[in-house]
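This is what each chain is made of:
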Amino acid sequence: TRTPEPWTTAGRLPAGSAVIYRHFGAPDAETTAKRLRTVTAGAGVRLLIGLDADLAEAVGADGVHLPERARDQAPALRRRRPDWRITAADHGEAPGPTEGIDALILSPIFATNSPSPSRTALGAEGLAEAVRRSALPIYGLGGIDAANVGALVGTGACGIAGVEAFSRAFGG
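Per the secondary structure count, the chain includes 6 helices and 7 strands. The N-to-C order of helical and strand elements in the chain reads α-β-α-β-α-β-α-β-β-α-β-β-α. At 15 Å, the chain has a C-alpha radius of gyration in line with the 16 Å of a compact globule built from 172 residues. C-alpha atoms of the chain, sized along the principal axes, occupy 40 × 35 × 30 Å. Scored against the burial criterion, the 172 residues of the chain give a buried share of 40%. For the chain, the proportion of contacts with a sequence separation of at least 24, taken over those separated by at least 6, is 50%. Total accessible area computed for the chain in this model is approximately 9000 Å², and 53% of it derives from carbon and sulfur atoms. Charge-centre separation for the chain: the mean point of 18 positive side chains lies 3 Å from the mean point of 18 negative side chains.

Written out as structure tokens, the structure is:
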């Protein structure tokens, strides 16, 4: 609902970016995923499907993104598809399993309008601490926009992720 035309945003992202399509059981999930795959493949953008390896395989996605509660699925997914990129959510609360995971997406960094359960923002310092503790690359997510992204310089994060900031910047 926050990105009603995700293919529009995806098609405007720079090559080397990635899109995570979290369909949450939408009836048109396969149609949207196929459209995203067509757009992302043409733009040099990776497509990861949220918690749905079957859909990821069906549309030729580049991998999957696992919610924190499903991180334990990563080793089996890695064995099934060693070529996939596997990312997982992290909320900075308790260390979770990391086997089979390529990178973590840590949130929320700043206050956010996400419909997810409210959690305390970690801030740039919390992001930096998580990066220091982690053996995996970490992307920051949550409330990141043009006004505060500069505060993340020097945290060691390998990149940023977003929903509303990218939708506003790239449409969709």
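Quantified by volume, the second largest pocket comes out at close to 230 Å³. Asp90, Pro95, Leu104, Arg133 and Ser134 are the residues nearest the centre of the second largest pocket, which is lined by 16 residues in total. When residues of the lining of the second largest pocket are traced back to their parent elements, those giving at least two are strand E5 (103-106) and helix H5 (123-133). Partitioning the lining of the second largest pocket into residue classes produces 8 nonpolar, 4 polar and 4 charged.

Between its first and last C-alpha, helix H2 (residues 29-43) extends 21 Å over 15 residues, near the 21 Å set by a 1.5 Å rise per residue. Regarding H2, the residues found buried are Ala29, Thr32, Ala33, Leu36, Arg37 and Thr40. Viewed along the axis of H2, the buried residues span an arc of 140°, placing them on a single side of the element. Structural note: H2 exposes Thr31, Thr38, Ala41 and Gly42 on the side pointing more than 90 degrees away from its buried face. Just past H2, the residue Gly44 takes up positive phi, approximately 70°.

Every second residue of strand E3 (residues 63-66) is oriented toward a common face, with Gly63 and His65 on one face and Val64 and Leu66 on the other, all of them buried. Across 3 bridges, the pairing between strand E2 (residues 46-50) and E3 is parallel. Looking across to E3, one finds that Ile49 is bridged to Val64. Crossover connection from E2 via helix H3 (residues 53-59) to parallel E3: handedness right-handed.

Basis of the calculations
- Each chain carries its own residue numbering, running from 1 in the written order of its sequence.
- Local features in this predicted model are restricted to residues of pLDDT 70 or higher, and side-chain atom pairs are both shown and tallied only at a pLDDT of 80 or more, whereas totals for entire chains, interfaces and linings draw on every residue.
- The basis for every side-chain value is the complete set of heavy atoms in the structure, and neither hydrogens nor water enter the calculation.
- Each helix corresponds to a stretch of at least 4 residues labelled H or I by DSSP, and each strand to a stretch of at least 2 residues labelled E; elements are numbered beginning at the N terminus.
- Radius of gyration: over C-alpha atoms. The globule rule applied is 2.2 Å multiplied by the number of residues raised to the 0.38 power.
- A simple rule labels every residue: compare its accessible area, found with a 1.4 Å probe on the protein chains alone, to the largest value its type can have, and call it buried under 20%, exposed over 50%, or partly exposed in between.
- Two residues qualify as a contact provided that any one of their heavy atoms is within 4.5 Å of a heavy atom in the partner residue.
- Only the protein chains shown count as cover for residues, with accessible areas throughout obtained via the Shrake-Rupley method and a probe of 1.4 Å.
- Counting rule applied: Lys, Arg positive; Asp, Glu negative; His and chain ends not counted.
- Note on charges: their place is set at NZ of Lys, CZ of Arg, CG of Asp or CD of Glu.
- Both site types are read off a 1 Å grid over the protein atoms alone. A 1.4 Å probe that fits but cannot get out defines a cavity, while an open set with protein on both sides within 12 Å along at least five of seven lines defines a pocket; lining residues have an atom within 4 Å of a point.
- Grid points are joined across faces, edges and corners, and a volume is the space filled by probe spheres set on the points.
- Note on residue classes: Ala, Val, Leu, Ile, Met, Phe, Trp, Tyr, Cys and Pro are nonpolar, Asp, Glu, Lys and Arg are charged, and everything else, Gly too, is polar.
- Multiplying 1.5 Å by the helix residue count minus one yields the expected span of that helix.
- Directions drawn from the helix axis to the C-beta atoms are what define this arc.
- When DSSP locates at least two bridges between a pair of strands, those strands are taken to pair.
- A right-handed crossover is one whose linking path, passing over the helix from the first strand to the second, runs clockwise when the strands point away from the viewer.

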